[in-house]
Amino acid sequence: MKKMMTIAVLAALLLAGCGSSAGDGGTRPAQTARSVGGAKSEGTVSSEESSEAAINEADEEDPSKTADVTAAEESAPAEESAASGILVAYFTPAENGENDAITSASRVSFSGEDMGNAEAMANVVAAYTGGDLFSIQTVKDYPLEYNALADEAKAEQDAGELPELATAVDISGYDTVFVVYPIWWYTMPQPIYSFFDKYDFSDKTIIPVTTHEGSGLADSVSSISALEPGAAVLDGFSVKGADVGGSSEDIEEWLNGLGYQGGIR
Ligand SMILES: Cc1cc2nc3c(=O)[nH]c(=O)nc-3n(C[C@H](O)[C@H](O)[C@H](O)COP(=O)(O)O)c2cc1C
């Protein structure tokens, strides 16, 4: 019964958005956005853990190296971010899937690359604002087949699970943080809750950007405001899954309305 309800809800929600294909995004000239933070590694070692392991190893070999490694790690992201002060963090299941070969996760072609809808939108935001891209990734892999993903997402939402994150970023040099994600079950995916649980964005501005099949921003602004009471949370922007491929100009127009001029990088 639960399975049938799941399928019915998803069928209604995802009818237009599943497997959206190349739109304007596919013919868009390549724009590269700088990425920060560690990539998800094989297995379940987080980038923080692997950094710690590297530091510990250095410590054993030559204690003087420890200070160098630590200083470099602490100063590099802050120096990088000083350029724009803008972080564009995103989560998309396509970068968190357990099986790339058998997948029905939504994909869009952007700058000649297939990627999840949220990643494509994050690329547009980063390219236009000059912000640094950061992929929020989880230690656990999500199933990429829709029904299985729907069940998993619902189960972790019902349990209030905060999946452990596999990637980390030094947020100290950023004053504006765009957070881009798909709506899952009428709210933010649980990894986004993990992200807000992990970082304190007090005195920073958070701008939610979502992709969806009808829910828009859902409860994003109020949920983020509750999780980050010290931050200013702006109204944000959303694009329907099937429209993401052709949404670059709309996103840029919205960013322009926020005061961004584009062409920074
Ligand atoms: C588990 C799951 C739950 C979803 N729940 C909703 C929802 O409640 N409301 C909605 O409008 N879209 C919902 N969707 C649709 C996605 O938000 C939409 O397809 C989005 O474009 C996917 O972006 P992605 O390619 O980055 O995953 C859901 C999709 C999945 C996989």
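Residues numbered from 1 in each chain as written. Predicted model: local features only at pLDDT ≥ 70, side-chain atom pairs only at ≥ 80, totals over all residues.

Participant: I'm lost on the overall build of the chain in this one. Help?
Facilitator: Broken down by element type, the chain carries nine helices and eight strands. Per-residue burial over the chain gives 40% buried out of 265 residues. Pairs at least 24 apart in sequence give 81% of the contacts found in the chain among residues at least 6 apart. (Helix = DSSP H or I, 4+ residues; strand = E, 2+ residues; numbered from the N terminus. Buried ≥ 20, exposed ≤ 12 C-beta atoms within 10 Å, placed from the backbone. Contact = placed C-beta atoms within 7 Å.)

Participant: How should the site of the ligand be read in this particular structure?
Facilitator: Around the ligand, the surrounding shell holds 26 residues, and the nearest of these are Asn 117, Pro 182, His 212, Ser 215 and Gly 241. Elements with a contribution of two residues or more to the shell around the ligand: helix H1 (2-14), helix H5 (117-129), helix H6 (146-159) and strand E6 (205-212). For the shell around the ligand, the element with the highest residue contribution is H6, accounting for four residues. (Near = placed C-beta within 6 Å.)

Participant: Please clarify how the pairing of strand E8 (residues 237-240) should be interpreted in this entry.
Facilitator: Looking along a regular strand, one sees the side chains alternate between the two faces of the sheet. Alternating positions in E8 separate cleanly, Phe 237 and Val 239 being buried on one face and Ser 238 and Lys 240 remaining unburied on the opposite face. Summarising the sheet, E6 and E8 pair through four bridges and their orientation is parallel. Within the sheet, the bridge partner assigned to Thr 211 lies in E8 and is Val 239. (Pairing = 2+ DSSP bridges.)

Participant: Help me out: how do you make sense of the packing of H5 against helix H9 (residues 248-257) in this one?
Facilitator: Viewed as axis vectors pointing N to C, H5 and H9 meet at an angle of 45°, and their least axial separation amounts to 10 Å. Regarding the angle of H5 to H9, the classification is oblique. For the element pair H5 and H9, the recorded crossing hand is right-handed. Here H5 contributes Met 121, Val 124, Val 125, Tyr 128 and Thr 129 to the contact with H9, which in turn contributes Ser 248, Ile 251, Glu 252 and Leu 255. (Axes fitted to C-alpha atoms, helices over the stretch in contact; angles between N-to-C directions. Parallel < 35°, antiparallel > 145°, perpendicular 65-115°, else oblique. Left-handed = near helix turned anticlockwise from the far one by under 90°.)

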